[in-house]
Amino acid sequence: LSLALLCVFSAAPVRAVVLETEPRTFPAKAYRRVRLEFPVGELKVIPSDEAVVRFLVKVRCSGGSEERCEELANRLVLDNDTEGTTLHLKLRKYPKWHNHGMKVMGELRVPRSLAVKIEMGVGELTIDGIEGDLDAELGVGEADIRAPKDHAGHVSVDTGVGDARIHGGGSDTESRGFIGSHATWTSGSGRSEVRLHVGVGDGTVRLE
C-alpha cells in the first residue's frame, strides 16, 4: 500500500500522526461478490454507483514520530486474487500484527448490488446500504449494518456473547443472553440475504 497523504495532529498532551494510502481499485464487472479479510481496527463498507471496487486505508499513530508511523504503515500489505467470480482482498501486516500504538481504519466501496462477504477479527464494523447479499463475521467488537428494507428478504443476527438486534422490520427484534443471542427477520419481499455473526460483542441490523 502506497502512502499518499501525511497529516499531523497535535493536541496536548496527545500527539497523533495520520497517514492515508492511495486507493486500490479493481474493475467490478467481472465479479459477483467481494470478499474482504480485515484483521484489526475500524472498517466501513459503503455502496457506490461506480463500476469499480475501491479500498483505502488510513493509519493513526499516537505518541510516536512521523517516521515511526510511516515505518509501521509500510508493513501493511493488501493481497488480491480471484476465486471464480469472487474478488478476494486480504489486508495483512508483515511480519506480525502488533499495534504499537497504531490504529488501522479501512474503507471499502463497492457497487451497491454486489454481494459482499466480510471476515474481520477485532474492532468496529459499519456497513451502510448494500443491496446485494451480505455475509459479515466479526470476532470481537461491535457491528452496525444499515440495509435497504425493500431489497432484503431474510436477515439474521447472532452473537456468541452480546446482544443481537434487528430494527425497522415492522417490529423490532432483540435477543439478549450471556451466551448465544439470536435475532431473525423473514418478512421481507426482497431477494437479498443479510447475515451477521459477532463472536464477542453486539450486532445490529437496521432496515431502512
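Rules used in this analysis
Residues numbered from 1 in each chain as written. Predicted model: local features only at pLDDT ≥ 70, side-chain atom pairs only at ≥ 80, totals over all residues. Heavy atoms only, no water. Disulfide = S-S within 2.5 Å. Buried < 20%, exposed > 50% of the residue type's maximum accessible area, 1.4 Å probe, protein only. Helix = DSSP H or I, 4+ residues; strand = E, 2+ residues; numbered from the N terminus. Pairing = 2+ DSSP bridges. pLDDT = per-residue confidence, 0-100. Contact = heavy atoms within 4.5 Å. Patch = residues over 30% accessible without salt bridge, like charges linked within 9 Å, V, L, I, M, F, W, Y side chains within 5 Å. Areas by Shrake-Rupley, 256 points an atom, 1.4 Å probe, with all protein chains shown as cover. Salt bridge = Lys/Arg side-chain N within 4 Å of Asp/Glu carboxyl O.

## Thoughts on the state of the cysteines
Part 1 of the reasoning: For the structure on display, the rule yields one disulfide.
Part 2 of the reasoning: The partner cysteine of cysteine 61 in its disulfide is cysteine 69, sulfur to sulfur 2.1 Å. Across the S-S bond of cysteine 61 and cysteine 69 the torsion is about 75 degrees, and the bridge reads as right-handed. Take cysteine 61 and cysteine 69: they sit in the same class, and that class is buried.

## So, the pairing of strand 13 (residues 181–185)
On a regular strand, each side chain points to the face opposite its neighbour's, so the side chains alternate between the two faces of the sheet.
Part 1 of the reasoning: Alternating residues of strand 13 divide into Ser181, Ala183 and Trp185, all buried, and His182 and Thr184, none buried.
Part 2 of the reasoning: Where strand 11 (residues 152–167) meets strand 13, five bridges bridge the pair, whose relative direction is antiparallel. Among the inter-strand pairings, valine 155 is bridged to a residue of strand 13, identified as tryptophan 185.

## A closer look at the confidence of the model for the protein
Interpretation of the predicted coordinates at a detailed level should be avoided for regions scoring low in pLDDT.
Part 1 of the reasoning: On average, residues of the protein score 87 in pLDDT, and 85% of them are at 70 or above.
Part 2 of the reasoning: When mean pLDDT is taken per element in the protein, strand 10 (residues 134–147) scores highest with 98 and strand 1 (residues 3–11) scores lowest with 46.
Part 3 of the reasoning: Here residues 3–13 scores under 50 on pLDDT; set against residues more than four positions off or in separate chains, the count is 26 contacts.

## A word on a nonpolar patch on the surface
Part 1 of the reasoning: Taken together, the side chains of Val122, Val140, Val161, Ile179 and Val200 make up a nonpolar region of the molecular surface, amounting to roughly 390 Å² of accessible area.
Part 2 of the reasoning: Secondary-structure assignment places valine 122 in strand 9 (residues 115–128).
Part 3 of the reasoning: A relative accessible area of 40% places valine 122 in the partly exposed class.

## Looking at the pattern of salt bridges
Part 1 of the reasoning: Evaluation of the coordinates by the stated rule reveals 17 salt bridges.
Part 2 of the reasoning: Arginine 35 is paired through a salt bridge with glutamate 37; the nearest N and O atoms lie 3.3 Å apart. Neither arginine 35 nor glutamate 37 differs from the other in exposure class; each is buried.

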